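Fold and contact review
As a plain string of letters, each chain reads:
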Amino acid sequence: MTVRPIVPGFHPDPSVCRVGDDYYLACSSFEYFPAVPVFHSRDLIHWTQIGNVLDRPSQLKTTAPVISSGGIYAPTLRHHDGLFHLVVTDCAPGGGNILVTATDPAGPWSEPIRLPGVPGIDPDLAWDEDGACWVTVAGISQVRLDTTTGATDGPARCTWSGTPGGKAPEAPHLYRVGDWWYLLIAEGGTERGHGVSVARSRRPDGPFEACPANPILSHRSTDHPVQNTGHGDLVQAADGTWWMVFLGARPDGGTPGWHGLGRETFLAPVEWVDGWPVIGEIVNGPEPVDGHVERDDFDAATLHPHWISLRATPAKHVTTRERAGHLTLHALGRSLDAPDVTFPGRRQAHLSCRTRAELDVSGGSGGLAVRLDEHHHYAIEAEADEVRVIARIGPLRSVVARSDKAPGPVVLGLDITARTALDDGRTGPDVVRFGTCQEDGTFTELAALDGRYLTTEVAGGFTGRVIGPYATDGRVDVDRFTYEPLIP
Ligand code: 6LW
């Protein structure tokens, strides 16, 4: 059974809202910047990224290096009184909960209003009939908020702790449906035990009665190809039907199963039965188009919004303005082991994919990497006369292959092949191949590495793989960056 996400690659903690016939969705982004990607759809299945909510350093309190899986956590996106509102937690030191608004979700978004009276993570926004705004956070607790000043009306009050004995009640979303207020939460931790539960009350602040069928969504203890399902948000379509977006992972390659793409966004229909939401089977996201190559020649002044860098990277270290038709990288951190390495990339969004990048390293050194975090990454790196493949797995770092490099630009290649497409009896989710390419496209393989070591089951954390060029010394000019989904 093939089950595809609606927003593939590391796009967890989805929050969704509808305005007329248009749907908007936002996700977590952790240590990467610009932060909080925003997507648009007309049918809930096909989504296009239209921007990022936090795309200016002034919107963040610190641009110092942020630890992997730190930084920007779960947002809530709502449309109220003609304005888009987004609340989100910045887990970096000096951060906290912030509220930003926009008339156009593609941006620009406002400077943040800081919410010092809103504790914890996973803030939600809901407005009652009197126009009061309720913020609900992980725990689960609640406080009333003045959205214009950020002031709260007292200490947050616990409204529901989820299923007795369960762990990590979080990701609350509060909705008014008919005569009830529904409090949807995630429980069980974001790993295999993850799930969604719900409670209801006649008032926004409880008391809440738990749904007898909780968890209303969980794939725990099943062999469903999508695991870790939880952290959902509900939306009602213009035709009156209800839907839930939620995160899930696609582990593969034997037991326990490994996933490298992080937690992705999935969709399922919702029916209301006896006043409770019942979640249906996952609706498949779009099929990748075989042979469709996403190509970036860096001819435009701005980068596509799917390009992200580590938060500490100043804009002048990744720029299209220095050399026409190139992305120029200036090295900051000296290797991918550093949390401030100059590494612009895009999320790996397909189980099998092919990437190529032409690098001019005459002014320094750098390469093409697939990064899970600073302790887990594979890369092919070039300097004046050498190309080498580097594997970093936890405390171990090794050069696993070397070859001579001819003068002039070099085309580096990265092919990731899902295990399902290999059938060679080995385990692990995929194989990661590095090599160099000739003008005619011929790929000379230098190393083939087991992808399991770049997965959440090995590395932990909340993110997924990001693929892109990087610089470790001086200046590197990148051209002809291509990313191609491969159909296993
Ligand atoms: C997020 C929490 C969670 O804040 O993981 O899956 C945390 N749920 O709700 C990081 O994504």
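Worth saying up front: this structure is predicted, and the values here are computed from it rather than measured. (Residues numbered from 1 in each chain as written. Predicted model: local features only at pLDDT ≥ 70, side-chain atom pairs only at ≥ 80, totals over all residues.)

What the domain assignment reports for the protein is domain 1 (15-279) and domain 2 (294-485). Placing a centre on the C-alpha atoms of domain 1 and another on those of domain 2 gives a separation of 31 Å. Each partner contributes residues to the interface: domain 1 has 26 residues there, and domain 2 has 32 residues. Among the secondary structure elements, those contributing two or more residues to the side of domain 1 that touches domain 2 are β3 (32-33) and β5 (48-54). In terms of residue count, β5 provides more of the side of domain 1 that touches domain 2 than any other element does, 3 residues in total. Per-class residue counts for the side of domain 1 that touches domain 2 are 12 nonpolar, 12 polar and 2 charged. (Domains from an automatic or database assignment. Contact = placed C-beta atoms within 7 Å. Helix = DSSP H or I, 4+ residues; strand = E, 2+ residues; numbered from the N terminus. Nonpolar A, V, L, I, M, F, W, Y, C, P; charged D, E, K, R; others polar.)

Taken together, 4 strands build an open sheet; the order of strands is β6-β7-β8-β9 and the sheet is antiparallel. At either margin of the open sheet sits one strand with a lone partner, and together these are β6 (76-80) and β9 (113-114). Where strand β8 (residues 96-102) and β9 come together, 2 bridges link them in antiparallel fashion. In the sheet register, Leu99 faces β9, and the bridge partner there is Ile113. (Pairing = 2+ DSSP bridges.)

Glancing now at the site of the ligand. Lining the immediate environment of the ligand, one finds 15 residues, of which Tyr73, Ala74, Ala171, Thr190 and His231 sit closest. Listing elements by their share of the shell around the ligand, those giving two or more residues are β14 (170-177) and β18 (227-236). Residues of the shell around the ligand, tallied by class, amount to 8 nonpolar, 4 polar and 3 charged. (Near = placed C-beta within 6 Å.)

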